[in-house]
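Each chain, letter by letter, is given below.
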Amino acid sequence: MLSIIIPSFNEEGNIENTANTVLEAMNTGQINCEIIFVSDGSKDGTFQKVAELSKINPRIRGIEFSRNFGKEAAILAGIEKGKGDCYVVMDCDLQHPPATIIEMYQMWEEGYDIVEGIKSNRGKESKLHGMMASSFYAVLSKLTGIDMMNSSDFKLFDRKVAKILLSMPERRTFFRALTFWAGYKTKEVYYEVAERENGTSKWSLRSLVKYAVRNIVSFSTVPLDMVTFLGIISFAGMIILGIQTLVRYFMGNAIEGFTTVILLLLLLCGGILIGLGIIGKYIAAIYEEIKQRPRYLIWHDTDSQDDVEAKK
C-alpha cells in the first residue's frame, strides 16, 4: 500500500478536488493507497473538510495540529501516521502532478528505495520567487556537497527510509535534504510544475527567507567555518597593515587623518557582528534542540477524534 502525505495549511478550497484527483490517478494506476492530510494549524475549515471526506471514504485520513508547526513537522506526522509499504509527499495545490506518482510507484516496485521528483521547469512562479529559490538551493548545494538544484518535497520512499527519518532525534529537520543524506538506492523522475488549482501560495518572501536560513543552519556547519576563515583573513590583513603603518611611521611619512581608520573599524565591526549573528543562529538551534519539546501536537485525528496528543 502507498501512503500519500499531503501537508495542508488553509487549503479548505482544495481538499475535495485534491482527494478526488489523487484517488482517480491511483485507481488508473491500480495502486492501493491511503491519503493523509495534515492540517498544519489551519484557520479555515481544512480539517473539517477532511473529516467529512473520511466518513465517506476510509482511504482518506487526516490529523490536525494544535497550531502551525511548519511543513517539516507535518511531513513527519504524516509519515508516523502512515500504514503503507511506501510513502509519497506532495503539495495540496496539485502543483505536484498525481499522475507522476504512478511512475514513481513503478520505479519503487523495480527496487528503488527513493524516487526523487525533479522539476523540469518551475511553472509560472514569479521571477523573484524563482531567483530566490534557485539561489537558496545553489547555496545549500555548495554548503552540503549535495546537488539539490530543482529538488522538491515531491518524492516517494520505502518504509525502511521512513523508519530512518522517524528515528532521527533532531527537532530541526529538513526533509528533502535528509532523503539525499540517507544514501539509499535512488532514481529521479522529472515533472512539470502545474498551475495551482485554487487559492494562492502561503509562502511569502519573508517566510521563504526564514525557511532557507533555518534549514541551512540545521543541515550545514559551513557558515561557522566561514566565520573562522574570515577571522583568519582579517587577522592577516591587520598584521600586514600594522607592519606597513609602523614602517611609514619610522620613515617619517605616516598618513595623516582618520578616514582609513574609520573605514577599517566599520569593516571589522561589520564582520564581527555578522559573525556573531551566524554563531547566534547556531546557538539558538542548539537551544531549541536541548529543550526536547515535541515536534508537534495533534489536536484532532479522523481515526480516533482524540484531543491533544503529544508526539516526540
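Fair warning: this is a prediction, and the values are worked out from it, not measured in the lab.

1. Section: the confidence of the model for the chain
On average, residues of the chain carry a pLDDT of 81, and 84% of them reach 70 or more. Confidence, read as mean pLDDT per element, is least for strand β9 (residues 309–311) in the chain (44) and greatest for strand β4 (residues 86–89) (96). Within the model, the stretch residues 306–312 combines pLDDT values under 50 with 22 contacts to residues more than four positions away or in other chains.

2. Observations regarding the side chain of Glu116
Turning to its location among the elements, Glu116 is positioned in strand β5 (residues 114–121). Take Glu116: its relative accessible area is 1%, and that puts it in the buried class. Reaching out from Glu116, the side chain makes a polar contact with the side chain of Lys155 at a distance of 2.8 Å.

3. Section: helix α6 (residues 159–167)
Those residues of α6 not exposed but buried are Val161, Ala162 and Leu165. Buried residues of α6, viewed axially, fall in a sector of 100°; they line one side. Away from its buried face by more than 90 degrees, α6 exposes Lys163 and Ser167. Against the buried residues of α6 lie α3 (71–81), β4, β5, β6 (155–158) and α7 (175–182). Capping the start of α6, Asp158 holds a side-chain oxygen 3.0 Å from the backbone nitrogen of Lys160, two or three residues further along.

4. Re helix α2 (residues 46–56)
Within α2, the full set of buried residues consists of Thr46, Phe47, Val50, Ala51, Leu53 and Ser54. Looking straight down α2, one finds its buried side chains confined to an arc of 170°; they lie on one side. Seen from the open side of α2, the exposed residues pointing more than 90 degrees away from its buried face are Lys55 and Ile56. Where α2 is buried, its residues meet β1 (2–8), α1 (12–28), β2 (33–39), β3 (60–65) and β8 (296–301).

5. Section: the pairing of β6
Working note: regular strand, side chains alternate between the two faces of the sheet. Judged by which residues are buried, β6 turns out to be covered on both faces: Lys155 and Phe157 on one side and Leu156 and Asp158 on the other are all buried. Bridge count between β4 and β6: 4 bridges; the pairing is antiparallel. Each residue of the ladder has a partner; that of Tyr87, found in β6, is Phe157. One ladder, built from 3 bridges, connects β5 with β6; its direction is antiparallel. The partner of Val115 across the bridge, within β6, is Leu156.

So, how was this worked out
Residue indices begin from 1 for each chain and proceed along its sequence in written order. Given that this is a predicted model, residues contribute local features only at a pLDDT of at least 70 and side-chain atom pairs are listed and counted only at 80 or more, while totals for whole chains, interfaces and linings are drawn from all residues. Heavy atoms from the whole structure form the basis of all side-chain values; hydrogens and water molecules are not counted. The quantity called pLDDT is the predictor's confidence in a given residue, expressed from 0 to 100. Runs of H or I in DSSP of at least four residues are treated as helices and runs of E of at least two as strands, each being numbered from the N terminus. Contacts between residues were defined by any pair of non-hydrogen atoms, one from each residue, lying within 4.5 Å. Only protein chains enter the calculation, and the probe is 1.4 Å; a residue is then buried if its accessible area is under 20% of its type maximum, exposed if over 50%, and partly exposed in between. N or O atoms within 3.5 Å of each other form a polar contact, as long as, within protein, one can give a hydrogen and the other can take it, and as long as residues adjacent in sequence are counted only when both atoms are side-chain atoms. Directions pointing from the helix axis toward each C-beta atom define the arc. Two strands qualify as a pair provided DSSP detects at least 2 bridges between them.

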